[in-house]
Amino acid sequence: MQTQTATVDAQRQVRRMRLSRGVNELGLLAAIIVLYIVLGTKAGGFLTSGNQLGILRDAAQIGIAAWGMTLVIIAGDIDISIGPAVAFGSVMVAKGATAWGLGVPLAVVLTLVIGSAIGAFAGFLRAQYNVPAFIATLGVYSALRGLAQFISNALPVPLPDSGFFDFLAGSVAGVPTPAVVMILLLVVFLVIALKTPYGRAVYALGGNPRAAELAGIAVKRIRISLFAVNGLLAAITGVLLAARLGSGNGGAAMGLEFDVIAAVVIGGTALAGGSGSILATALGVIFITLIGNGLVLLGVNQFLQDVVRGVIIVLAVLVNVLLGRRNRLTS
């Protein structure tokens, strides 16, 4: 009898979570439509094809990292090292392909491997020594920003002439290559989150780490892998950014981690872990990108743009916390 009652309660909780997630996604979709209407009428050039392609390209810089960040936050952790990791990746691939004489293919591979290894190191600190994820990735943040500036002497590192970099900076069937990469990775992460045992284990870990461990889930291994994947995605973004700029830059991607986290939180992923949606994060990415693009087209002062972004992040976190509190009270 108790088992049946527990099962019914669990099913009700799942239904409530799905309903809440559906409402959040519909609300985000409505907000995006409203933004398009307002910016289309108030911001000159917003609806042009060139600007829409630019939005896709900008969204890729946030979105690629946001897919991995969603799983990290669902698991109950956070990674604030994304911006410096992207900048470091851009410098690594540029230096590797030029000053270090590795050639383009090896430089790209090395950048991706090192990015994954750095992420795995942060995950190891979290999993093995229970160092809070915020502290572990804060240390990585500082180290990578310093290393990127040191390796590049705080100067842009030009990329060599390469068809591969031209392809990354170009487009596929009219769609910017970074956007194509973002969409392909979105499909991959949707499958991982919804259709694989690994994805279910991530949700279980975020819901109750102790129970997940008792259920036979390799908690430490999953935590390390999540941060390793985040490091890989940051490195991919770094390579794409270097191709776009034509150089590696240790000062690039300043504040990117805040846009990524904001997109995930606006998408409804619970900061406490255990619930979230890759698809909703995609809507959050579009929302954040539209806000940034619209503020530029409207001629808003750069410093005020930062204020607006900050207000959006605070409001998103507040809504996230209040919704999580309501769900706990009704469960």
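Residues numbered from 1 in each chain as written. Predicted model: local features only at pLDDT ≥ 70, side-chain atom pairs only at ≥ 80, totals over all residues. Heavy atoms only, no water.

**Considerations on the UniProt feature "transmembrane region" (unreviewed entry) in the protein**
Thought 1: Those residues carrying the UniProt feature "transmembrane region" (unreviewed entry) are residues 26-47, 102-124, 131-151, 171-194, 224-245, 278-301 and 307-324 in this numbering.
Thought 2: Structurally, residues 26-47 is divided into 77% helix and 0% strand, and its ends, taken at the C-alpha atoms, are 23 Å apart.
Thought 3: Counting secondary structure, residues 171-194 comes out at 75% helix and 17% strand; the distance between its end C-alpha atoms is 30 Å. (UniProt positions renumbered as here; feature names shortened; annotations may be inferred. Helix = DSSP H or I, 4+ residues; strand = E, 2+ residues; numbered from the N terminus.)

**Describing the packing of helix 3 (residues 82-97) against helix 10 (residues 219-245)**
Thought 1: Relative orientation of the contacting elements helix 3 and helix 10 amounts to 55°, with a least axis distance of 7 Å. Classified by the angle their axes make, helix 3 and helix 10 are oblique. Remark: the crossing between helix 3 and helix 10 carries right-handed chirality. Here helix 3 contributes Ile 82, Ala 85, Val 86, Gly 89, Ser 90 and Val 93 to the contact with helix 10, which in turn contributes Asn 230, Ala 234, Thr 237, Gly 238, Val 239, Leu 241 and Ala 242.
Thought 2: In the contact of helix 3 with helix 10, the residues fall into eight nonpolar, five polar and no charged. (Axes fitted to C-alpha atoms, helices over the stretch in contact; angles between N-to-C directions. Parallel < 35°, antiparallel > 145°, perpendicular 65-115°, else oblique. Left-handed = near helix turned anticlockwise from the far one by under 90°. Contact = heavy atoms within 4.5 Å. Nonpolar A, V, L, I, M, F, W, Y, C, P; charged D, E, K, R; others polar.)

**Thoughts on unusual backbone geometry**
Thought 1: We note that Asn 130 has phi near 60°; this positive angle belongs to a residue other than glycine.
Thought 2: Along the chain, Asn 130 turns up in the loop between helix 4 (104-129) and helix 5 (133-152).
Thought 3: In this structure, Ala 173 is a non-glycine residue whose phi angle is positive, near 55°.
Thought 4: Of note, Ala 173 is situated in the loop between strand 2 (171-172) and strand 3 (175-176).
Thought 5: Ala 173 gets classed as exposed once you look at its relative accessible area, which sits at 81%. (Buried < 20%, exposed > 50% of the residue type's maximum accessible area, 1.4 Å probe, protein only.)

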